[in-house]
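So the chains spell out like this:
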Amino acid sequence: MSYYGVTVGYITFMAIIFLALGYDDGHATFYGDGSGHGTEGGACGYNFEYGVYTTALSSALFNDGASCGACYEMYCTNSQFCISGTIRVTATNFCPPSSGSAAWCNSPLKHFDLTQPMFTKIAQYKAGIVPVKFRRINCSRSGGIRLRIAKANNNWILVLLYNVGGAGTISGVKIKGNNGGWIQMSRNWGVNYQSNGNWQGQNLSFQVTATDGRTIEVDNVVPSNWQIGQSFEGNRNF
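Presented here is a report on the structure given in the accompanying data block. (Residues numbered from 1 in each chain as written. Predicted model: local features only at pLDDT ≥ 70, side-chain atom pairs only at ≥ 80, totals over all residues. Heavy atoms only, no water.)

1. Focus: unusual backbone geometry
The omega torsion across serine 107 and proline 108 is 10°, close enough to zero to call that bond cis. If you trace the backbone, proline 108 turns up in the loop between β6 (87-94) and β7 (111-115). One non-glycine residue, asparagine 63, lies in the positive phi region at around 55°. Within the secondary structure layout, asparagine 63 lies in the loop between α2 (59-62) and β5 (71-76). On the basis of relative accessible area, asparagine 63 is assigned to the partly exposed category, the value being 48%. (Helix = DSSP H or I, 4+ residues; strand = E, 2+ residues; numbered from the N terminus. Buried < 20%, exposed > 50% of the residue type's maximum accessible area, 1.4 Å probe, protein only.)

2. What about the sheet that holds strand β12 (residues 183-184)?
The four strands lie next to each other as β12-β11-β15-β16, forming an open sheet whose pairing is antiparallel. Each of the sheet's edge strands pairs with one partner strand only, and the pair in question is β12 and β16 (215-222). In terms of strand pairing, strand β15 (residues 204-210) meets β16 through five bridges, oriented antiparallel. Bridging from a neighbouring strand, leucine 204 pairs with valine 222 of β16. (Pairing = 2+ DSSP bridges.)

3. Digging into the packing of aromatic side chains
Counted according to the given criterion, the structure contains eight aromatic pairs. Taken together, a centroid distance of 5.1 Å and an interplanar angle of 40° make the contact between phenylalanine 30 and tyrosine 125 tilted. Remark: tyrosine 125 occurs in the loop between α3 (116-122) and β8 (130-137) and phenylalanine 30 occurs in strand β3 (residues 24-31); sequence separation between them is 95 residues. (Phe/Tyr/Trp six-rings, centres within 6.5 Å; stacked < 30°, edge-to-face > 60°.)

4. Some details on the environment of serine 84
With respect to the helices and strands, serine 84 occurs in the loop between β5 and β6. Each C-alpha atom of the pair serine 84 and isoleucine 122 lies 6.3 Å from the other, and the pair is 38 residues apart in sequence.

5. Here we look at the environment of tyrosine 31
Residue position: tyrosine 31 is located in strand β3. The class for tyrosine 31 is buried, based on a relative accessible area of 18%. Ignoring anything within four residues of it in the chain, the contact list for tyrosine 31 reads Gly38, Thr39, Ala56, Asn93, Asp113, Leu114, Thr115 and Gln116. A polar atom in the side chain of tyrosine 31 sits 3.3 Å from the side chain of asparagine 93. (Contact = heavy atoms within 4.5 Å. Polar contact = N/O pair within 3.5 Å; in protein donor to acceptor, adjacent residues only side chain to side chain.)

6. A short note on the nonpolar core
Of all hydrophobic cores here, the largest spans 30 residues; its most connected members are Tyr46, Tyr72, Met74, Phe112 and Leu114. Counting residues per element, the ones that place at least two in this core are β3, α2, β5, β6, β7, α3, β8 and β10 (156-162). In this view, methionine 74 contacts Gly85, Thr86, Ile87, Val89, Phe112, Leu114, Ile122, Val132, Lys133 and Phe134; residues no more than four positions away in its chain are not counted. Membership of the second largest hydrophobic core comes to 26 residues, among which are Trp199, Ala210, Val221 and Val222. (Core = buried A, V, L, I, M, F, W, Y, C linked by side-chain atoms within 4.5 Å.)

7. Examining the pairing of β3
With five bridges connecting them, β3 and β8 associate as antiparallel partners. The residue of β8 that forms the bridge with glycine 26 is valine 132. Bridge analysis of β3 against β7 gives five bridges, and the strand direction is parallel. Its bridge partner lying in β7, threonine 29 is registered against aspartate 113.

8. Here's the deal with the state of the cysteines
Inspection of the entire model under this criterion finds four disulfides. Shown here is the disulfide that connects cysteine 76 with cysteine 82, its sulfur atoms set 2.0 Å apart. Given an S-S torsion of about -70°, the disulfide between cysteine 76 and cysteine 82 has left-handed geometry. Classification of cysteine 76 by relative accessible area gives buried; the value is 6%. Relative accessible area serves as the criterion here: at 25%, cysteine 82 is assigned to the partly exposed category. One disulfide bridge connects cysteine 95 with cysteine 105, the sulfur atoms lying 1.9 Å from each other. Taking the torsion about the sulfur-sulfur bond, which here is approximately 85°, the covalent link between cysteine 95 and cysteine 105 counts as right-handed. Placement of the pair is cysteine 95 in the loop between β6 and β7 and cysteine 105 in the loop between β6 and β7, with a sequence separation of ten residues. A single burial state applies to cysteine 95 and to cysteine 105, both of which are buried. The connectivity of the disulfides in the protein chain is 1-2, 3-8, 4-5, 6-7, where the numbers refer to bonded cysteines in sequence order. (Disulfide = S-S within 2.5 Å.)

Here you go:
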């Protein structure tokens, strides 16, 4: 028998202890099909920006949407259906509470509803549900922080933020146009931040503060001729 490719015996035992350090206990299931379809959208507001490397979180982890964008590492444990290896996923959706024998996402349970491709990297499909060891990790992203103009009118704008590195999660966003200083935005839902005012026809800059306290500024990332539904990438990330 081996565990992550380590020979059975004292070395294996020490490897298991090492892997367990910093990990918490939870469970994992899956939703969607084998290509990840059925997991797009959801309670954070993303489309398919993170591909199949995603998970929905139970109430105990979702934190009313404040955990959107968080990254987790996990591996299957204590099941005959486990497959050796770890996966890293981004929180993009909410697994709502339910009733009956399959109420895995009810508080205080720490549960991950993975995409099927991610689940089958750590467990056999037929398992359905498996115990996991998990931990929160820093998010490694390619390129700069990205924004999508989700909705807007003459009195209001709603912006989705994604591809956030480091902590992955956001504690605050400020916006600035051509005609004034920085204005604090408020979180509407998921990672959608809003501000009143007419922002049309202005270059838009943003200050983004992550939950680890770090702040980055992306100036004039959105040009004055922006349209609803367009996405833009800044030149910085955490």
